Amino acid sequence: MDKEETVLAGVLLGNATEVNGGENTYTRDGLIYSAIAGLVKNEDKDGIKKVSVVSRNKTLEKQVFFNIGSLVYGRVLYIKEDLAIVRIIAIENTPVE
């Protein structure tokens, strides 16, 4: 990955022979993957390349909390047999984005 982009957990980020894994990544069979959904950050310091993933929640100006039973509005981004990724748009009457 050469540019900043948003990824889901488990997305291939690079080859461990070419780049070092940073925060919120893991390495399996010589390949680096995202451990969380978030924004990919590529760094190149003194010729050493590093890829990290930053949680999108860290970039929100305010946190909106919800509880079991809260009414949540969202947009489905990804569906798998036993998993759905949803971008939360609002919690009760409070917009998140």
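To be clear, the structure that these remarks concern was listed above.
Okay, so let's go over this structure. (Residues numbered from 1 in each chain as written. Predicted model: local features only at pLDDT ≥ 70, side-chain atom pairs only at ≥ 80, totals over all residues. Heavy atoms only, no water.)

### Topic: the nonpolar core
Point 1. Membership of the largest hydrophobic core is limited to seven residues, which are Val 7, Leu 13, Val 19, Ile 32, Val 40, Val 51 and Val 53.
Point 2. Beyond its immediate stretch of four places on either side in the chain, Val 19 contacts Gly 14, Ile 32, Lys 49, Lys 50 and Val 51. (Core = buried A, V, L, I, M, F, W, Y, C linked by side-chain atoms within 4.5 Å. Buried < 20%, exposed > 50% of the residue type's maximum accessible area, 1.4 Å probe, protein only. Contact = heavy atoms within 4.5 Å.)

### Brief notes about the sheet that holds strand S10 (residues 94–95)
Point 1. The sheet built from three strands is open, its strands ordered S8-S9-S10 with antiparallel pairing. Each edge of the open sheet is held by one strand with a lone partner, namely strand S8 (72–80) and S10. (Pairing = 2+ DSSP bridges. Helix = DSSP H or I, 4+ residues; strand = E, 2+ residues; numbered from the N terminus.)

### Things to note about a nonpolar patch on the surface
Point 1. A grouping of Leu 71, Tyr 73 and Ile 89 is seen on the molecular surface, where their side chains present a nonpolar patch of about 270 Å² in accessible area.
Point 2. A relative accessible area of 43% places Tyr 73 in the partly exposed class. (Patch = residues over 30% accessible without salt bridge, like charges linked within 9 Å, V, L, I, M, F, W, Y side chains within 5 Å. Areas by Shrake-Rupley, 256 points an atom, 1.4 Å probe, with all protein chains shown as cover. Salt bridge = Lys/Arg side-chain N within 4 Å of Asp/Glu carboxyl O.)

### A short note on the packing of aromatic side chains
Point 1. Across all of its chains, the model carries one aromatic pair by this definition.
Point 2. Geometrically, the ring pair formed by Tyr 26 and Tyr 33 is stacked, given 5.5 Å between the ring centres and 20° between the ring planes. (Phe/Tyr/Trp six-rings, centres within 6.5 Å; stacked < 30°, edge-to-face > 60°.)

### Things to note about the environment of Ser 55
Point 1. Residue position: Ser 55 is located in strand S7 (residues 48–55).
Point 2. Distance in space between the C-alpha atoms of Ser 55 and Gly 38 is 4.5 Å, their sequence separation being 17 residues.
Point 3. Residues in contact with Ser 55, not counting those within four places in the same chain, are Ile 36, Ala 37 and Gly 38.

Limitation: the analysis is restricted to geometry and does not speak to function.
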